[in-house]
Amino acid sequence: MALSFLGVPHLLSPTRATTSTVKLQQFHKPATSTRTPFFRSLSCPLVHVRAPRAIGPDGRFYPSPGDDDPPEAAEDSSHGFSTFQQIQRQAERARQIEEEDYKKNQSTYLAAIADVEDAPDNAPFDSSEDDLFGEIDKAIALKRKEFVSQGLLEPNPPKQPVAVDDLQPEELGDLEEIERLQGLADGNGNGGSTKSPFEFDFDSYGKSKVRIVEGKFRMSLAELLDESKVVPVSVSGDLEVEITGIQHDSRTVTSGDLFVCCVGRKTDGHLFLSEADKRGAVAVVASKEIDIEDTLGCKALVIVEDTNAVLPALAASFYKHPSTKMAVIGITGTYGKTTTTYLIKSMYEAMGLRTGMFNSVASYVHGDNKLELGNTVPDAVLVQNLMAKMFHNGTEAAVMEAAGDGLGDGRYDEVDFDIAVFTNLSQEGDRDAQAKLFSRMVDPERHRKVVNVDDPDTPFFVSQGSQDVPVVTFAMEDKNADVRPLKFELSLFETQVLVNTPTGILEISSGLLGKHNIYNILAAVAVGIAVGAPLEDIVRGIEEVDAVPGRCELIDEEQAFGVIVDYASTPDALSRLLDSVRELGPRRIITVIGCCGEGDRGKRPMMTKIATDKSEVTMLTSDNPKNEDPLDILDDMLAGVGSSMQDYLKYGENDYYPPLPNGHRLFLHDIRRVAVRAAVAMGEEGDVVVVAGKGHETYQIEGDKKDFFDDREECREALQYVDELHQAGIDTSEFPWRLPESH
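For every chain, the first residue of the written sequence is number 1, and numbering continues from 1 onward in sequence order. Only residues with pLDDT of at least 70 are given local features in this predicted model, and only at 80 or more are side-chain atom pairs given and counted; all residues enter the totals for whole chains, interfaces and linings. The side-chain numbers reported here are obtained from all heavy atoms of the structure, hydrogens and water having been left aside.

We now examine the overall build of the protein chain. For the protein chain, the count of helices and strands is 22 helices and 26 strands. Contacts between residues were defined by any pair of non-hydrogen atoms, one from each residue, lying within 4.5 Å. In the protein chain, 63% of the contacts between residues at least 6 apart in sequence involve partners at least 24 apart. Per-residue and other accessible areas follow the Shrake-Rupley method at a 1.4 Å probe size, with only the shown protein chains counted as cover for residues. Summed over all atoms, the accessible surface of the protein chain reaches about 42,600 Å², with 51% contributed by carbon and sulfur. Helix numbers and strand numbers start at the N terminus; a helix is a DSSP run of H or I with at least 4 residues, a strand a run of E with at least 2.

Below is the structure:
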């Protein structure tokens, strides 16, 4: 056991392994050592030899005079002081040194705490921290209070409450965020509850809380133009002005920023120069001749041919090209991108690499360190900013969605991808835009292509870039693929798949449901094979991902039927989703769908047609109606089954809605909360309730209001009350619900 223990450091740290080995060798002396053996031979019995006594010449014994002396006392090294007295003397000496130092540097100490908040007289000291730093703040405040009582410092006036009415809207948001972080208010502005000191968060136990480091970037405008290799049409003003940030949205400009006047589909950044100037912009990049003479702080103007085209280069140069310092995996395709990013991130972390991620659902610096971006779609500047933040926090690899729209508009032009992954392509996908990712795979030593060979467009993607770059294929149908399933089992609560790879067979059990998620798992495995990941790390990483927010996400409250929330909001996505659910073998599928307002009206009847064809029960409802009447949207949707709101309301007079010609049922309610809860209440053993459209989104837009709404939370709430409804005798199999006496 001792030898095994000594071997542990070798596995943990290479630098310690040498030391441990040396120490281990010292325990094993060679058998030829000249040292006297510890055990003597039995032929040499031990003999006790006494020292000779004092015997005189006459044969008599003469004892030594020292034999009768008392034992000599040990030398007194403490000089008559006990140990406790010695500690007291040392402490007193330290206090004297401290007092002498204070008298010598009194002015320095007083100046250091002159602006510190005074400790309260009666109330207990309130520190914003409950750790060591909070105790330090408390000690400093109490020391200052002592100096004030001695007349050495003037008391500081108490802090005045912030005049909320005088704040700007963005400052109000910052104040609410600060209060929320301090635990003084929750996200809705309501008073936070006091947490008991005895409560323990077991979910966060063992997880390190890492503070995200914000990198500081600054350079002159001349340096930025030189490093980005942007060739301006003309320049004017002070090119040595210092730039501390880049923005193309005037609402996000802060003091010291360079404002790039980009031209969008609906807006033109040149029209918002005055707002950017008021917010502190110090230089402008434009594609039109503009006058900066009347601006408040703009000191330089750069004219280029196309501001949209130079924005990625400017952003990458300003943030020091962070993607070149990490391994970057880009995933393109129509479906499966988000789930695949989660799987690859988890797999890389299982290999011991700090891995960042950003996709349409969430962004992480690495590990559990999430970046709160709201519903912001990463643009060229934000992409570089996020990657710089990852690099400054020790991230070694980054995995990201590279959607067709982002590749098409140049959002990722300055991202140095190492691996390109293609999942699949629908008729709605932009093949040429997505292929730009693969056109960058030109270095056989560094780049890799990972493709789904079941998709007919795969040869086109593989043909992009260098043909010498290694390709790893995956598929479910093609038996020649590098990564393919030998067999798989689908169920309502688990997916099991046996995967064949060039380096071995993997047995994977995943909480991700449906056949489409097997494709996502195979894509992640193929990336692992492409980079030579250990097979056990591939399996462990993939199995760590139990669910992806809003992507065929299972809501499990231990009910006897399945509840799935998914983002599917197009006819093709909904059809694929319901096909995958049907493969799970449910007794019935109950589907909730809605269509957004102010959107494509042509898809509304198609969504209803698909849902009613592939579901035994369909519940139509609203989904972000915006400024459109929800009933008008529902009327368009009913056209998919040859009906209208007028026809539906006629049946409503008798509270009975007859089956459709195919025997399936159709109900509707314009309030989404009611529709979701009613559908969940209809669920019975073996059924699957599918709530489609929102997925991970947590809002509902009605008119100009954007209110919190989460399909997942509504499903969980509904599941808490289903049993109570049934125990009360309420029939929830129909809609509206039937009371006991109405049966």
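Another point: the pattern of salt bridges. Here, a salt bridge means any Lys or Arg side-chain nitrogen found within 4 Å of an Asp or Glu carboxyl oxygen. In the structure shown here, the tally under the stated rule is 33 salt bridges. A salt bridge links glutamate 477 to lysine 515, with the shortest nitrogen-to-oxygen separation between them at 3.7 Å. Taken as a pair, glutamate 477 in the loop between strand S15 (471–474) and strand S16 (484–490) and lysine 515 in helix H15 (residues 515–530) lie far apart in primary sequence, 38 residues in all. For lysine 705, the salt bridge identified is with aspartate 707, shortest N-O distance 3.9 Å. Only protein chains enter the accessibility calculation, which uses a 1.4 Å probe. A residue is then buried if its area is under 20% of the maximum for its type, exposed if over 50%, and partly exposed in between. Since its relative accessible area comes to 53%, lysine 705 is described here as exposed. Taken together, the salt bridges that share partners define one network made up of Arg587, Arg588, Glu684 and Asp687.

As a further point, take the confidence of the model for the protein chain. Confidence of the prediction at every residue is given by pLDDT, a number between 0 and 100. Residues of the protein chain with pLDDT of at least 70 account for 78%, and the chain-wide mean is 82. Scored below 50 in pLDDT, residues 1–53 shows nine contacts in the model against residues more than four places distant or in partner chains. With pLDDT under 50 throughout, residues 184–200 is counted as low confidence; its partners more than four residues away or in other chains account for 14 contacts.

What follows deals with the sheet that holds strand S4 (residues 245–247). Should DSSP find at least two bridges between two strands, the strands are taken to pair. Reading across from one edge, S2-S7-S6-S5-S4 is the order of the five strands in this open sheet, with mixed pairing throughout. Two strands bound the open sheet, and with one partner strand each, they are strand S2 (234–237) and S4. Within this sheet the neighbouring strands show an average axis-to-axis angle of 15°, counted without direction. An axis is simply a line fitted to the C-alpha atoms; with a helix, the fit covers only the stretch in contact. Between two such axes, the angle follows the N-to-C directions and lies from 0 to 180 degrees. The sheet contacts of helix H7 (residues 221–228) involve S4, strand S5 (257–260), strand S6 (283–286) and strand S7 (300–303), and relative to S7 the element is tilted by about 20°. Across the sheet, helix H9 (residues 307–318) lies against S4, S5 and S6, angled at about 155° from S4, the strand it touches most.

To continue, consider the sheet that holds strand S17 (residues 495–501). Here we have three strands laid out as an open sheet, ordered S16-S17-S18, and antiparallel in their pairing. The strands lining the two open edges of the sheet, one partner per strand, are S16 and strand S18 (504–510). Pairs of neighbouring strands in the sheet enclose a mean axial angle of 10°, with direction left out of account. The sheet contact formed by S17 and S18 spans seven bridges and is antiparallel. Paired with valine 497 across the strands is isoleucine 508, a residue of S18. Contacts between H15 and the sheet are confined to S16, S17 and S18, with S17 contributing the most and set at about 35° to the helix. Sheet contacts for helix H16 (residues 535–543): S17 and S18; angle to S18, the most-contacted strand, approximately 15°.

Of the positions making up H7, those classed as buried are Leu221, Leu224, Leu225 and Ser228. Each buried residue of H7 lies within a common arc of 95° when the element is viewed along its axis, so the set occupies one face. Lysine 229 occupies a position one or two residues after H7 and carries a positive phi of about 60°. Arc, as used here, means the arc of the directions from the helix axis to the C-beta atoms.

Time to look at the packing of aromatic side chains. Only centres within 6.5 Å qualify two rings of Phe, Tyr or Trp (six-membered ring in Trp) as a pair; their planes then separate them into stacked at under 30 degrees, edge-to-face at over 60, and tilted for everything else. Under the criterion given, the structure shown has nine aromatic pairs. Aromatic rings pair up to connect Phe422, Phe438, Phe460 and Phe461 into one cluster.

Moving on to the environment of methionine 637. Relative to the helices and strands, methionine 637 is located in helix H19 (residues 630–638). By relative accessible area, which is 0% here, methionine 637 ends up buried. Distance in space between the C-alpha atoms of methionine 637 and lysine 603 is 8.4 Å, their sequence separation being 34 residues. If we skip the residues at most four places from it in the chain, methionine 637 touches Ile593, Gly594, Cys595, Arg604, Pro605, Thr608, Leu620 and Thr621.

Turning to unusual backbone geometry, a few remarks are in order. In this model, histidine 321 sits at a positive phi of 50°, which is unusual for a non-glycine residue. Mapped onto the elements, histidine 321 comes out in the loop between H9 and strand S8 (327–332). Given the relative accessible area of 30%, histidine 321 is considered partly exposed. Phi at lysine 626 is positive, roughly 60°, even though this residue is not glycine. Relative to the helices and strands, lysine 626 resides in the loop between strand S22 (617–622) and H19. We classify lysine 626 as partly exposed; its relative accessible area is 31%.

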